[in-house]
Every structure is written in C-alpha cells, then in structure tokens.
Amino acid sequence: MNQGLRHHVHRTWAETFKCTPALFFKPKTVADVQDIVREAVKSKISVTTYGSSHSPSKLTITSGWLVNLDNLNNILDYQEHKGYTDVYVEAGARLKDLNVALERRGLALQNLGSISEQSVAGVISTGTHGASYCHGLISEQIVSLEIVTETGEIVTASDNENKELFSAALLGLGAIGVIVRATIRAVPAFNIESRACVLDFDDLLDPKIWNSVFLQSEYHRIWWYPYTDKVYVWTGEKTTKAAQPPAYSFYGTRLGRFLYELLLFASVKISRKLTPFVEKWLFSRQFVENQIITRVGPGYSEINMDCLFKQLVNEWSMPLVEGPDLLRALRTEIRKQEFYVHAPIEIRASNTTLPPHNIGLRNGPGPIYGNITRPLLDPSPKLTYKEPGQISNEQLTLNLNATMYKPFGFIPPTEAWFSTFENLCAAHGGKPHWAKNWTLNPWLQPENIESFQSWKNIRDRYAPSRLFGSREWQEEKSLL
Ligand SMILES: Cc1cc2nc3c(=O)[nH]c(=O)nc-3n(C[C@H](O)[C@H](O)[C@H](O)COP(=O)(O)OP(=O)(O)OC[C@H]3O[C@@H](n4cnc5c(N)ncnc54)[C@H](O)[C@@H]3O)c2cc1C
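Residues numbered from 1 in each chain as written. Predicted model: local features only at pLDDT ≥ 70, side-chain atom pairs only at ≥ 80, totals over all residues. Heavy atoms only, no water.

Neighbouring the ligand are 32 residues, the closest being T49, S52, H54, S55 and H433. Taking S53, its main chain carries an N or O atom lying 2.9 Å from an oxygen atom of the ligand. For the ligand, an oxygen atom lies 2.8 Å from a polar atom in the backbone of H129. Bound to the protein, the ligand loses 98% of the 970 Å² it would expose on its own. Among the secondary structure elements, those contributing two or more residues to the shell around the ligand are β4 (47–50), α3 (120–126) and β11 (178–188). A per-element tally of the shell around the ligand places α3 first, with four residues. A per-class count over the shell around the ligand returns eleven nonpolar, 19 polar and two charged. Residue assignment places the shell around the ligand across two domains, with domain 1 (75–189) and domain 2 (191–437) each supplying three or more. (Near = heavy atom within 4 Å. Polar contact = N/O pair within 3.5 Å; in protein donor to acceptor, adjacent residues only side chain to side chain. Areas by Shrake-Rupley, 256 points an atom, 1.4 Å probe, with all protein chains shown as cover. Helix = DSSP H or I, 4+ residues; strand = E, 2+ residues; numbered from the N terminus. Nonpolar A, V, L, I, M, F, W, Y, C, P; charged D, E, K, R; others polar. Domains from an automatic or database assignment.)

See below:
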C-alpha cells in the first residue's frame, strides 16, 4: 500500500472549507485503492474520496483518511458501436481532459454542466446536471461503474448487473464505495450554434415565452439579473457548421475580471447597499439589449461557461411549472432589500425522466442513454417520460441556482438570502442539489423518506460500518 501523508491540508476549490485528514493518499493503481480500504476497515477509520473538490460544501471535508484519484485518470478503452462509442475510463479522469481526448477521436460527451473541471466520479456522485429539455443528470451517460466496496472487492454495477447498487452509487455522495472505473457513452463530436439576447424578466415569465423558451433548442442557459429586471437568454443547437474562434469579452481578460471582483468586493466589504448599483452597472457593460448575438463553437466549450469567482452556491430543483410563481415570489423578497444578492441567478431546465426501456439510437435531439436507472437520491421531481417531440414543461425540472461570490476570498453574508431562497424553493416542491450549500432537508419529509431510506439500506449492505465519505457532513445531513 502506498504511504499515507500526515499534516496534509485539503481545501475545497472555493476555499470555503479546509481540513487536515488523519492520512492523505494518492493511489496510483486500483490495487492501491483496495489496500487503503482494507487497511481503513482494520483501523476503524473513515475513507473520503475526492476528485477535483469542486463541491461547494463540506462533502470532502474529513478528519478520517482522505483519498484523491488524480493519478487514476487514464482512458482505458473505446468500444465503437453504430452511432455511439462506449469509453472505459478511470474514475479520477477530469471531464476537461476527457473533452479534449474525445475530440481528437471525433467524439464528445452528450451533456455537461457549467464547467468541466470535475472528475468523472465527482459528477456522478453528486447528481451534476446541465441545462437541456432532453438531457438530465450527467450520470445518464454512464453505462457501468466499478466500485471498491468495504470488503475491498471490486463490484460492477449497471442497468443489468447489481442494479440496486447502481441506483445508490449513481448518486452515492462518496458513501457507497470508491468508484474506480466507469464506462461512459459518448457520441460523435458536435459544434453548437447559439443565439443570445436580453429579455425583460416579466416577458420570460409570460406563458407564451415560458412554455417555449426551454424547448426551442437542445441546450440553453438563462441568467437572471434581479436588480435590472432583465434576463440573458442563450439557446444552442447542434450544427455541422464550422466553429468560430472564441468570442472576446473584456470581463474574460485579467483586467476585466479584476475590475469586476473589485466592484463586488466594494459591495461586500464597504457597503452592501452598493450591490444593486454595482450589479446594474456590470450588466449594462456586459450586455446589449435589442440585439441577437449568434455564434458557432465546439460543443463542450459552448455548453461550459465562465463561472467567474470562488463562490457559495445554493441550488434547488422543482417542477418547471412552478417556475413563474416561485420566481415572482423571489423577486418580491429581493426587492425588499433586506438582503442583497449576486447575479446571475441561473434558471435552467433539465429532463430527468427516463423511458421504460433503453431506446438506443435516435434520429433527432436527445440522449443516447448509457443507463435508464433513476438514482435513489435524485433530487429532481418524479415526472412522466415523453419522447423529445412530445415534451412540454410538464416533463421538466427547474434547476434554480443562487450564487454568492467571494470577492478576493471574502465571504459575503448569505444567511438571510439563502434561507429565503430555500424556504420558497421547498414550498414549491423543491429539493437541494446535494453538492451545494444547503441547510433545509426535505428528504426527511414523509413523501421523500422512502427513497432516502432505501439508499441508506443499500449503503449499509455494501458499507456496513459506514466506512465511506465525510462523517461530519453525513451527520449534519442525517445520512448516518
Ligand atoms: C464553478 C462550479 C460550477 C458548477 N456547475 C455545476 C453545474 O452546472 N451543474 C451541477 O449540477 N453542478 C455543478 N457544480 C457542482 C459540481 O459539479 C459537483 O460538486 C461535482 O461533484 C464536483 O466534482 P468533483 O470531481 O470536484 O467532486 P468532489 O467535490 O471532489 O467530490 C464530490 C463528491 O463525490 C465523491 N467522490 C469523488 N470521487 C469519488 C470516487 N472516486 N468514488 C466515490 N465517490 C467519489 C466525494 O466523496 C464527494 O461526495 C459546479 C461547481 C462549481 C464549483
């Protein structure tokens, strides 16, 4: 077994949390991982694995043993099929490296979140999603997982093998075992042609627009700037047109970012009352109204975005049909100026409904599913599946994301805003994104407790001493 390090300080990406684990390991082989797990059982100490530590919460914060899979990042095999390729990877591989390696072979991941810094196992384990009316959680692309369980054995799980374990590990929060390898279903590489414009917030909520805006293209992003009462709407469609060079933005340059962060800093440290003025000014400098901007770029770089600065985030998912009422209620609270918020608030839709049988290839937009197992801890509402041509807002989940930046590392006050946000989201049938900075726990309510308990039962079968994951975080979230 490779030697564990003492006195290693681990920090989350946003540097909100840090810890000094009892021992820190960076295994080079899967056999090393198995040895670490067997030793941890003997030593009666917990094992927390992390990928890129981009989870904004204490999910990877531990006083037990900490394991990082950066050295298990190889692509092991490509299995080509008609219309798709199954890619066999080590689970520490980062999506950003996978995007580039796949592009070289004319392949791409089908869907991504806002960034590609995460590891394969990390996105799977927290229910990471993107923004699309036909794609759901990124884990939809996973064909199978290989997991080191508490006995130190490697167990394979998929739709057809150890299905219960699969349903728990697909959103396993690091608590089911160490995912060491995964097979991911990739598709032929694609470019995206996008259209972007600014709309009035009230126009977005108008049923004519609200009922069509999420459905008009395969990918979208909508950013709400509450102090301007405007939204930025970006929609993107796969295309065979050639990609253009990246677009220039002053706020993408070092000087532009510094200015942006400085203004946020002023609104956090000098006077919070400056926030609406800062936000309005930044909006006016970044966006042009009454203009549609179009461009073509490689799929992954168009789906990803610049998330700006280190941040605290609270994200909830609820039925998309709840959106207009919920957003109006949030606007009323923000207008009272009893707390201040940062922009944008992301308004995204995803489709986590799954067909009863894997439908394989398709002609139009939509996923070629790697699996059709709903993760037990999927926080999105259980809605009924329809084929892409028949999808309406009724099948979609609203993913509402409230970001508060930490300019130059300074933590802004978030308690009043996040608590208002959580209460309203919960009142509209919402549940929190597992990886983010949430406190209210709707999983303990009678309507949700069954899948929560089933997940715990499966965890206890494969990890009877509850070996895996941050004990501290699990205790806080009633997972123990
Ligand atoms: C700027 C930013 C943008 C983001 N955008 C999105 C977005 O668009 N959509 C979205 O849904 N989320 C988003 N997230 C959240 C992010 O996708 C998740 O937090 C994701 O889990 C991070 O991946 P990671 O590799 O950093 O995982 P880590 O944070 O390192 O770990 C996350 C969890 O996975 C477990 N884990 C890691 N590796 C393994 C393994 N090998 N075996 C078992 N368990 C493991 C850990 O124990 C932990 O519980 C964003 C986060 C940031 C900071």
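Another aspect to go through is the sheet that holds strand β3 (residues 23–25). Whether parallel or antiparallel, the strands of a sheet pair through hydrogen bonds between backbone atoms. A sheet is described by the order of its strands in space; here three strands give the open sequence β3-β5-β4, paired in parallel fashion. Edge positions in the sheet fall to β3 and β4, since each has one partner strand and no second. Ignoring strand direction, the axes of neighbouring strands in this sheet form an average angle of 20 degrees. Across four bridges, the pairing between β4 and strand β5 (residues 65–68) is parallel. Bridged to Y50 within β5 is N68. Its contacts with the sheet put helix α1 (residues 30–43) on β3, β4 and β5, and the angle it makes with β5 is roughly 170 degrees. (Pairing = 2+ DSSP bridges. Axes fitted to C-alpha atoms, helices over the stretch in contact; angles between N-to-C directions. Contact = heavy atoms within 4.5 Å.)

If you walk across this open sheet you meet the eight strands as β15-β12-β14-β13-β17-β18-β16-β19, and the pairing is antiparallel. With partners counted over all chains shown, the strands left at the sheet margins are β15 (293–298) and β19 (431–432), one partner each. Bridge count between strand β12 (residues 191–200) and strand β14 (residues 230–239): ten bridges; the pairing is antiparallel. Counterpart to I192 in the pairing with β14 is K238.

In this structure's numbering, the residues bearing the UniProt feature "domain: FAD-binding PCMH-type" (unreviewed entry) are residues 17–189. Span residues 17–189 is 22% helix and 30% strand, its end C-alpha atoms 37 Å apart. (UniProt positions renumbered as here; feature names shortened; annotations may be inferred.)

Inspection of the entire model under this criterion finds 24 aromatic pairs. Three or more aromatic residues link up through ring pairs in this structure, and these residues are W223, Y225, Y232, F283 and F287. Between the NZ or CZ atom of R105 and the centre of the ring of Y78, over which it lies, the distance is 3.7 Å. (Phe/Tyr/Trp six-rings, centres within 6.5 Å; stacked < 30°, edge-to-face > 60°. Lys NZ or Arg CZ within 6 Å of the ring centre and 35° of its normal.)

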